[in-house]
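# Analysis of the macromolecular model
For reference, the chains in residue letters:
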Amino acid sequence: MEEDILTIEEVARYLRVSDRTVYDWAQKGEIPAGKIGTVWRFKKSEIENWVNARLSSENSRPQEISVQAKNIIAPNRVVFLNQNSKHDAITYLSQVLATAPQVKNETELTQEILKREELMSTAIGRGIAIPHVRLSSVTDLVMAVGVCRSPLLDYQTIDDEPVNILIMIAAAYNQHSYYLKTISHFSAMLKDKDLRDAMINALNEKEIYDILVSV
């Protein structure tokens, strides 16, 4: 546990659960994780924070938080992306997300989103990527959505499918549970091929926004 970046096996030993359990949690977005290529990796500090939050919540039993797209997205933060590279698309979408009043430092947001992406790809398969970050300069969880005019071919994806849809999420540093639940919510929602196709084939941004808030 001396290294900052951990494998599934190291996390499993630390948590005293099976490798499969850690893998399932990572797939469902229930534990902070990311991919380098097709391999799951975990930041030690985030795992420790996750464990502390889970242990403290056993006693506090906080009220269940529901994820509703209409509360975290606005029509002006749904855009078509014309960029041809992952870097350029993420940079542009982070600038769109930074228009939200909850984001207080656009430069930090862009830098940290790109830094996380360089460390671990946020592509989750099926043409979807969910770049995400928690920052002290973000006051509440917010989201931006980008639909690619041309698929991004340079994303590291587990299924070798180019990325068509980016869901970018930024949260306050103390919103870990809500943050993970939001990532999981959209990961699950976008498994629906008809929904993905409707977003990709939408004629304008408002159609995409209406699709997201109606689900």
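Higher on the page you've got the structure.
Let me begin by describing the structure that accompanies this report. These figures come from a predicted structure and were not determined experimentally. (Residues numbered from 1 in each chain as written. Predicted model: local features only at pLDDT ≥ 70, side-chain atom pairs only at ≥ 80, totals over all residues. Heavy atoms only, no water.)

A word on the side chain of Arg 77. Along the chain, the position of Arg 77 falls in the loop between helix H4 (69-72) and strand S4 (78-81). Lacking a salt bridge, the buried Arg 77 has Asp 140 as its closest oppositely charged neighbour, with an N-O distance of 9.6 Å. Apart from residues lying up to four places away in sequence, Arg 77 is in contact with Ile 72, Val 96, Leu 97, Thr 99, Ala 100, Val 142, Met 143, Ala 144 and Val 145. (Helix = DSSP H or I, 4+ residues; strand = E, 2+ residues; numbered from the N terminus. Buried < 20%, exposed > 50% of the residue type's maximum accessible area, 1.4 Å probe, protein only. Lys, Arg positive; Asp, Glu negative; His and termini not counted. Salt bridge = Lys/Arg side-chain N within 4 Å of Asp/Glu carboxyl O. Contact = heavy atoms within 4.5 Å.)

All right, on to unusual backbone geometry then. Even without being glycine, Arg 16 reaches a positive phi, approximately 60°. In this structure, Arg 16 sits in the loop between helix H1 (8-15) and helix H2 (19-28). Taking relative accessible area as the criterion, Arg 16 reaches 78% and is therefore assigned exposed. The backbone phi angle of Asp 160 is positive, close to 60°, even though this residue is not glycine. In this fold, Asp 160 is placed in the loop between strand S8 (142-152) and strand S9 (163-172).

Turning to H2, its buried residues are Val 22, Trp 25 and Ala 26. Looking straight down H2, one finds its buried side chains confined to an arc of 100°; they lie on one side. Just downstream of H2, Gly 29 is the residue with a positive phi angle, here 75°. (Arc of directions from axis to C-beta.)

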